[in-house]
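Residue strings, one per chain:
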Amino acid sequence: MQERYDVIVIGGGHAGTEAAWAAASALSTSGGGRVALITMDPAKIGAMSCNPAIGGLAKGQIVREIDALGGIMGRVIDATGIMFKMLNISKGPAVRGPRAQADKYAYATEVQRLISTRPNIDVIAGKVDDIVVKDGRVVGVKLPAGSGVVIAQTDRIELHLKGGTQSLPLYSSTPDARECCPTPVLLETKALVLTTGTFMRALMHTGEDKTEGGRVGEGSAVGISAMLKNLGFDLGRLKTGTPPRIAKESIDWDGLPKQFGDEKPVRFSDYPPPSAPEGESLSHFPRLPQIQCRITETTAAIHEVIRANLHRAPMYSGQIEADAGPRYCPSIEDKVVRFAQRDSHHVFLEPESLHTNEIYCNGISTSLPPDVQEIVVRGMAGCANAKILKWGYAVEYDMVWPHQIDSTCMTKLVGGLFLAGQINGTSGYEEAGGQGLMAGLNAARLSRSEELVRLGRDEAYIGVMLDDLVTKTPREPYRMFTSRAEHRLLLRADNADVRLTQIAREYGLIDDRHWCSFETRRENLEAIARQFDRITVDGKTLREIARRPKVSLDEVCNHLNGGLPQPIDEDSRRLVERVITEARYEGYIARQQAEIKRQSTGDAQQIPEWFSPWEVTGLRSEAAEALKRFQPVTMGQASRLSGVSPADLTLLAVTLKRQRSAVI
């Protein structure tokens, strides 16, 4: 273990692994540097705590953006997905979202494998005793005796692939797999990324039973809350939950309606897998055998049982202190109360792995006592004899109200301290991964005294998310939706590479292989677009024909055949579909781009750190308080604050202009 790291990341979840990966990438291309990834249990790196799935509506767009920016989430789900499905396929391309079920054990293994390939990342097993701050800046962290770098990967998992079996290593949780330090140690750094997930002063609830921990079988990061409070941060408390898991062999599996994945699944990642030679079509995708899910539902009788036992549900009994739970992924008890007119709710039975019998009951997240959970599960069709392997539970945890960070993920109170993931009040693997990537990139840049990076609302869903977090106080865990993005026609899943890969290359986030793959794809896309203007049919260009809603992709491809250097394969068809989308939405896209141009003036106008809103003559108290609380860094951010009116912005702009003139 070194005594100094350029970047230290605390937490090995989806935010932490993306942060460590991004920081390691950025440092490697700017003179070198080392990253420490500190986690309580290295064997849990990349674990899927709740739903074993990646992507979905808007979330799938974030995964595509993470991939375009050089992150690993898309690559991992492509390698470990067991059912891929494009959601909202009947609607427009802007609101479609890729989603995939994962083999959750293979997923964690693949994350660990990728992290282990980076020689400049040290995985350290231990808990952080203290965050050391000097003159308002992070200078290091203290670890207790017994912490140490993981030096061996002793456990292994067998993956049954199409065409063979592969044995992959797992990080070990045993002490003999570590090079332990016998005394407490101070690790120095200029940049610290804190990604505590649901572990900060975490408490799990199943009925009246309470257990410390952020996940079953794991502990709670109790000390970090106190550290942050001592540093002056304003903390909140939120809750989330998970459903029971049941044994597949105890379900009438074949008697329930089937849910299939896509016949021709779409990859999340544009990164060529190591097994594919340069230029080879990735026809071996998907890598793992594909499964089916089943659908069942709750009943009116089940709802009556839940209502009769609400007094035993921790959220309703007052046992849980948290301010709120996830509105858009509610517990079954919340659904029964909020949607009292409904007699049933769908429940999706989703296998968690190819190698175990665990079935995830998607739709009945709960913290009710075990005896009630058993009635709920066995009351559903096909589950009369269900054997429950794990009870559902709620977990409440501390978080930091996100108005205390800016859109780089760095805190405003402590320089060099970055926050990412559920500590910022978000929910979901994808939201965490996007924040982690930005935090890791900016931590690496800060360690090199380089300008920090912000993504705009017109550039990425990640930019929308971070702007929302720093301009609005979440009342429940934040979840991304396409409706949150005013420029969603531009922020589609299919064009994430064109939007962001050039940016990623500039900041050193992607390697030569990824860049070459992107350039080849971009050249092919441009070649197809040129043919849309060159090929004519009955006096109309192919672009004009493609704009017609009833013209199919197959028809367009038939017209293109012969006009391109190579026959159209499945990858080329997706590029053709992208050009069709651009053609059909051309007028709307032009309108959005004009709006973005108008808004760019405000987003570019900086508000200096030394500015005090109380100095603005005539500014309303409500506006001054909002500006003081959120400390927006641009006029664009200020315009999106609740409580700040157009008249307030005019006064603010005039005052800033006068003060800048006085300084000059």
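**Looking at the sheet that holds strand β18 (residues 245–247)**
Here is step 1 of the chain: With antiparallel pairing, six strands are arranged side by side in an open sheet as β19-β20-β21-β22-β18-β23. Of all the strands in the sheet, just β19 (258–259) and β23 (388–390) have a single pairing partner and so form its edges.
Here is step 2 of the chain: Two strands pair when backbone bridges link them, and strand β21 (residues 346–351) and strand β22 (residues 358–362) are joined in this way by four bridges, in the antiparallel orientation. From the neighbouring strand, Pro351 faces β22, where its bridge partner is Ile359.

**A few points about the pairing of strand β1 (residues 7–10)**
Here is step 1 of the chain: Burial along β1 is two-sided: Val7 and Val9 facing one way and Ile8 and Ile10 facing the other are all buried.
Here is step 2 of the chain: Sheet analysis places β1 next to strand β2 (residues 35–39), joined by four bridges and oriented parallel. Bridging across to β2, Ile8 finds its partner in Ala36.
Here is step 3 of the chain: Read as a crossover between parallel neighbours, the route from β1 over helix α1 (residues 14–28) to β2 is right-handed.
Here is step 4 of the chain: In this sheet, strand β14 (residues 191–194) lies alongside β1 in parallel orientation, the contact comprising four bridges. Bridge assignment links Val9 to a residue of β14, and that residue is Val193.

**Quick word on unusual backbone geometry**
Here is step 1 of the chain: One non-glycine residue, Cys409, adopts positive backbone phi at about 80°.
Here is step 2 of the chain: Inspection of the secondary structure assignment puts Cys409 in the loop between β24 (393–400) and β25 (417–419).
Here is step 3 of the chain: With relative accessibility at 0%, the residue Cys409 sits in the buried group.
Here is step 4 of the chain: For Gln631, which is not glycine, the phi dihedral falls at a positive 45°.
Here is step 5 of the chain: As for its placement among the helices and strands, Gln631 is situated in the loop between α18 (621–630) and α19 (635–639).
Here is step 6 of the chain: Overall, the relative accessible area of 41% leaves Gln631 in the partly exposed class.

**Some words on the sheet that holds strand β4 (residues 81–87)**
Here is step 1 of the chain: Ordered by their spatial adjacency, three strands build an open sheet running β3-β5-β4, and the pairing between neighbours is antiparallel. In the strand order of this sheet, the two ends are held by β3 (53–55) and β4, each with one partner. Taken over all neighbouring pairs, the strand axes of this sheet differ in orientation by 20° on average, direction set aside.
Here is step 2 of the chain: For β3 and strand β5 (residues 97–102), the ladder comprises three bridges, and the chain directions are antiparallel. Bridging across to β5, Ala53 finds its partner in Gln101.
Here is step 3 of the chain: Against the sheet, helix α2 (residues 59–68) contacts β3 and β5, and its axis sits at roughly 80° relative to β3.

**Digging into the packing of aromatic side chains**
Here is step 1 of the chain: Under the counting rule described, the total for this entry stands at three aromatic pairs.
Here is step 2 of the chain: Considering the side-chain rings of Tyr585 and Tyr588, the 6.3 Å spacing of their centres and the 55° angle between planes classify their relative orientation as tilted.
Here is step 3 of the chain: Stacked on the ring of Tyr478, the Lys or Arg Arg484 has its end atom at 4.3 Å from the ring centre.

**Observations concerning the nonpolar core**
Here is step 1 of the chain: Counting residues in each nonpolar core, the largest one holds 76 residues, and the members touching the most others are Val7, Val35, Tyr107, Phe418 and Ile462.
Here is step 2 of the chain: With residues near it in sequence (within four places) discarded, Phe418 still touches Ala191, Leu192, Val193, Leu194, Thr408, Cys409, Met410, Ala439, Asn442, Ala443, Leu446 and Leu452.
Here is step 3 of the chain: Ranked by size, the runner-up nonpolar core spans 32 residues in total, among them Leu143, Leu235, Val414 and Val470.

**Comments concerning the packing of α2 against helix α10 (residues 429–447)**
Here is step 1 of the chain: Here α2 crosses α10 at 30°, and the two axes come no closer than 9 Å. Taken as axis vectors, α2 and α10 run roughly parallel relative to one another. Judged by the twist between their axes, the crossing of α2 over α10 is left-handed. Residues Lys59, Ile62, Val63 and Ile66 of α2 form the contact with α10, whose participating residues are Glu430, Glu431, Gly433, Gly434 and Leu437.

**Re the confidence of the model for the chain**
Here is step 1 of the chain: Summarising the model, the chain shows a mean pLDDT of 89, and 93% of its residues fall at 70 or more.
Here is step 2 of the chain: Confidence over residues 276–283 falls short of pLDDT 50; this stretch has nine contacts with residues more than four positions distant or in other chains.

**Remarks on the environment of Ala68**
Here is step 1 of the chain: Positionally, Ala68 belongs in helix α2.
Here is step 2 of the chain: You can call Ala68 buried: its relative accessible area is 2%.
Here is step 3 of the chain: Expressed as a C-alpha distance, the spacing of Ala68 and Ala15, which sit 53 residues apart in the sequence, is 16 Å.
Here is step 4 of the chain: In contact with Ala68, other than residues within four places in its own chain, are Ala496, Asp497, Leu500, Thr501, Ala504 and Ile510.

**Thoughts on α10**
Three or four residues apart is the spacing at which side chains of an α-helix point the same way, because the helix has 3.6 residues per turn.
Here is step 1 of the chain: In this model α10 runs 27 Å from its N-terminal to its C-terminal C-alpha over 19 residues, within 8% of the 27 Å that 1.5 Å per residue would give.
Here is step 2 of the chain: With 19 of 19 residues buried, α10 is to be regarded as a mostly interior element.
Here is step 3 of the chain: Among the residues trailing α10, Ser449 stands out with phi positive, at a value near 60°.

Analysis parameters
- Residues numbered from 1 in each chain as written.
- Predicted model: local features only at pLDDT ≥ 70, side-chain atom pairs only at ≥ 80, totals over all residues.
- Heavy atoms only, no water.
- Pairing = 2+ DSSP bridges.
- Helix = DSSP H or I, 4+ residues; strand = E, 2+ residues; numbered from the N terminus.
- Buried < 20%, exposed > 50% of the residue type's maximum accessible area, 1.4 Å probe, protein only.
- Right-handed = clockwise from strand over helix to strand, strands pointing away.
- Axes fitted to C-alpha atoms, helices over the stretch in contact; angles between N-to-C directions.
- Contact = heavy atoms within 4.5 Å.
- Phe/Tyr/Trp six-rings, centres within 6.5 Å; stacked < 30°, edge-to-face > 60°.
- Lys NZ or Arg CZ within 6 Å of the ring centre and 35° of its normal.
- Core = buried A, V, L, I, M, F, W, Y, C linked by side-chain atoms within 4.5 Å.
- Parallel < 35°, antiparallel > 145°, perpendicular 65-115°, else oblique.
- Left-handed = near helix turned anticlockwise from the far one by under 90°.
- pLDDT = per-residue confidence, 0-100.
- Expected span 1.5 Å × (residues − 1).

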